[in-house]
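Residue strings, one per chain:
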Amino acid sequence: MENVTRSGLHDFHLASRKAEEAALRRYRAVYWLECLIGPLSVPDQPSEREFISCLRNGLILCNAINKIKPGSVPKVVETPLPSQSVVWDSKPLPAYQYFENVRNFLVAVKELQLPAFEASDLETESFEAGSAGRVVDCILALKSYHEWKQTNAGDGFYKNIKSPLVLHSANKNLSRPLNALSTDACRHLNMSAEDGDKGSLEDSIVKAITDYMVETKENISNNLLASFHTGKLDPVKTLSKILASGLEGQLQSSSAEIEDILREWTSSAIQSAYIAKRNLPTNRSTKRCRACLRKGSCAHWNLLRKQEEDLADINALLAQTKKEFEELQSQMLNDMKQLGNQVHNMSTAALGYQQIMQENRNLYNMVQDLKGNIRVYCRIRPIFNAKAKNVIDFIGEDGSLVVVDPSKLEKAGRKAFQFNRVYCPKATQDEIFKDTRPLIRSVMDGYNVCILAYGQTGSGKTYTMCGSSGESTKDMGINYFALNDLFKMSNQRKDTTSYEIHAQMVEIYNEHVRDLLSEDSSSAKYPFHVSLLLKILK
Ligand SMILES: Nc1ncnc2c1ncn2[C@@H]1O[C@H](COP(=O)(O)OP(=O)(O)OP(=O)(O)O)[C@@H](O)[C@H]1O
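Note that the structure is a prediction, hence the values are computed from the model and not measured.

(A) Spotlight on the UniProt feature "binding site: ATP" (unreviewed entry) in the chain. Under the local residue numbering, the UniProt record ascribes the feature "binding site: ATP" (unreviewed entry) to Gly455, Gln456, Thr457, Gly458, Ser459, Gly460, Lys461 and Thr462. With respect to the element layout, Thr457 can be found in the loop between helix 12 (429-444) and helix 13 (461-466). Residue classification places Thr457 among the exposed positions, given a relative accessible area of 77%. You can see Gly458 is positioned in the loop between helix 12 and helix 13.

(B) Just the packing of aromatic side chains, in detail. All told, the structure shown has five aromatic pairs when counted by the stated rule. With a centroid separation of 6.2 Å and an interplanar angle of 35°, the aromatic rings of Phe105 and Phe117 are classed as tilted. Taken together, the positions of Phe105 in helix 4 (residues 95-111) and Phe117 in the loop between helix 4 and helix 5 (133-152) put the pair 12 residues apart, joining distant regions of the chain. According to the relative accessible area criterion, Phe105 is buried, its value standing at 1%. Just above the ring of Tyr364 sits the side chain of Arg441; from NZ or CZ to the centre is 4.4 Å.

(C) View of the site of the ligand. In the vicinity of the ligand, the contacting residues are Arg379, Arg381, Pro382, Phe384, Gln456, Thr457, Gly458, Ser459, Gly460, Lys461, Thr462 and Tyr463. Within the backbone of Gly458, one N or O atom sits 2.8 Å away from an oxygen atom of the ligand. Taking Ser459, its main chain carries an N or O atom lying 3.3 Å from an oxygen atom of the ligand. Contact with the protein chains covers 64% of the free accessible surface of the ligand, which is 620 Å². At three residues, helix 13 tops the list of elements feeding residues into the shell around the ligand.

(D) Spatial organisation of the pattern of salt bridges. The tally for this structure, following the rule as stated, stands at 10 salt bridges. With its nearest N and O atoms 2.8 Å apart, the salt bridge here joins Glu147 to Lys143. With Glu147 and Lys143 both in helix 5, this residue pair falls four residues apart, about one helical turn. Among the residues examined, Glu147 registers a relative accessible area of 37% and is labelled partly exposed. With a shortest N-O distance of 3.0 Å, Asp435 and Arg421 are connected by a salt bridge. Placement of Asp435 in helix 12 and of Arg421 in strand 5 (residues 421-423) is noted, with a sequence separation of 14 residues between them. The exposure class assigned to Arg421 is partly exposed, which follows from its relative accessible area of 34%. Counted as one network, the salt bridges with shared partners bring together Arg361, Asp445 and Arg493.

Conventions used here
Residues numbered from 1 in each chain as written. Predicted model: local features only at pLDDT ≥ 70, side-chain atom pairs only at ≥ 80, totals over all residues. Heavy atoms only, no water. UniProt positions renumbered as here; feature names shortened; annotations may be inferred. Helix = DSSP H or I, 4+ residues; strand = E, 2+ residues; numbered from the N terminus. Buried < 20%, exposed > 50% of the residue type's maximum accessible area, 1.4 Å probe, protein only. Phe/Tyr/Trp six-rings, centres within 6.5 Å; stacked < 30°, edge-to-face > 60°. Lys NZ or Arg CZ within 6 Å of the ring centre and 35° of its normal. Near = heavy atom within 4 Å. Polar contact = N/O pair within 3.5 Å; in protein donor to acceptor, adjacent residues only side chain to side chain. Areas by Shrake-Rupley, 256 points an atom, 1.4 Å probe, with all protein chains shown as cover. Salt bridge = Lys/Arg side-chain N within 4 Å of Asp/Glu carboxyl O.

Below, the structure is given as C-alpha cells:
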C-alpha cells in the first residue's frame, strides 16, 4: 500500500515536470513569434488550447516564415477583416482556407528541412493534452533557423539540431524512426568531424553513447515506472541495469563498424612499430593532419612520412653519387696525368727516333759512298741464236768476268774484266733491282743518283730498264721498280717529309734530244717549253 502511494506520488511529480517543461517551451515559442510579427492577442503564458487556437488559421505561421525567408509562402489567405488582423481567431474562416495556409506553411517548413507537424494538430475540435508539442517543436526549430540565418547571413548549409528535449515531444507521434533521429542527434554531437566519414574509434563510441542516451531517455520513465509498480527492485539498481543494457545494445549494433576501426587502428599501430624499428621517432606515427584529427590513422601523414623517407634515400644516393663522381674525377685526373707523361715520353722517344733515323741515314749513305759513287754492273743477255758461240768463259762472284775470242789463240783470245757484279744470263729483273734499290733510298735522302744502261744494239738495255713489252709485272724493269719504291717511301715518310716527284722521258738520238712524253711533236725537240714540261709533270 505504501509502495503504491509512493508510485502514484512519483507519477504525479513526473507528469507535473513534463507539463512544466512543455509549457516553458510553448511560452518561448509565443514570445519569439510576438517578437517576430507582433502581438498575438494571447496571454503571455497561454494554455495549449489558446496556443493552438491562435495558430489554427495558419496566418501567423505563414507570416512568420515569410519574414524569415521571404516568399516561402507566396500566397497567404488573409482573414476577411484586415482591421481585425490582430484578433487572430476573431472570425472563423472556412476550413479549406485554414488548411491551405497551414499546408503551404508545412510545405515551406519541409523545404527548409525543419521538423513539421500534422495539419490536424491545429484542430481545436480534436484537441487533447500534449498535441501542441510538435507545433511548438516546429516553431522553435524555425526560431533556431532564424537565429542561424542572422548569424551566418544565410551562407552555408543549415543543419537542424534536435536536442533530446525536442525528441522527447516529437517522436511520440511521428512516423519518423527513432534510429534516424538518433543518427541526427549523433551528427550534431559530431559536428567537428567530417560529414559522411565513417569516423574514428572515438566517433563510434561517442555515437553509440549518444544513441543510447537518446533512446534511453525515451524509455527510462517507462522502465522506472514498471520497476516502481512491481516494487521488487530498487530504483537505483533498475536505472543502472537500464544504462548497462542500453549501452551494451548500442555497442553491439555498432560492433561491426567499431571492429573495422579497431582493425585499422591495429594496422596503424603495426606501422608505428615498423617505423620505430627503422629508428624513426615514435611520436611521428601518431601525428595526423588537421583533416584526419579524429581518424585512427592519417593517410596524408603516412604519405608525407613515406616521401620524407624517399627524400632521405635520394639524399643518401646523391651523396654516394657525388662521392663516386669525385673518385672518378680524381681517377680521371690521374689517368690524364699518366697519359700526359706517356705522350711526353713518346714525343721524347720520337725525337730520339728521328735523331737515330737521321744518324742511320747518314751512316747508310756513308756506306753507299764507301761502296763507290760509280758502280758498274754487267748483265749477260741469253743467247737466242743456237748457232752462236758462247764467249763467256768465267763469271766470278767478286764481279770478275773472263771472255774468250774464238778467232784468236787461247791466251791472246782470253780477256778478263772487273765489275761491281756480273749477272749471268739467267738472272731475273728482281735480282738486278736488288743492287739498285739502296740507291733509290739515297734519292729520298737528298742524294743525286743516276742509273745508266749502256751496250750495243740488242744487248738488252731496254729490257733491263723498262722490262718486256707485255703488261706483265713479272718482267717489270728497273724504272718501274724504282718509281714504286719512290712512291712507297714517300708515303711512309709523309708525316715528317713532303716529297714532290717529277718524271721526264727523253730520247737522245743522232745528237737530237726528244721528249718522249710530249703529245705535240713540234715541242718535243730540245729545248723543251717549260709550260709543257710542267703540264706533263702534273
Ligand atoms: N736478259 C734478257 N732476257 C730475255 N730477253 C732479253 C734479255 N735482254 C734482252 N732481251 C731481248 O733481246 C732483244 C733486244 O733487247 P733490247 O731491245 O732490250 O736491246 P737494246 O739494247 O735496247 O737495243 P737497242 O739499242 O737497239 O735499242 C729484245 O727482244 C729483248 O726482249
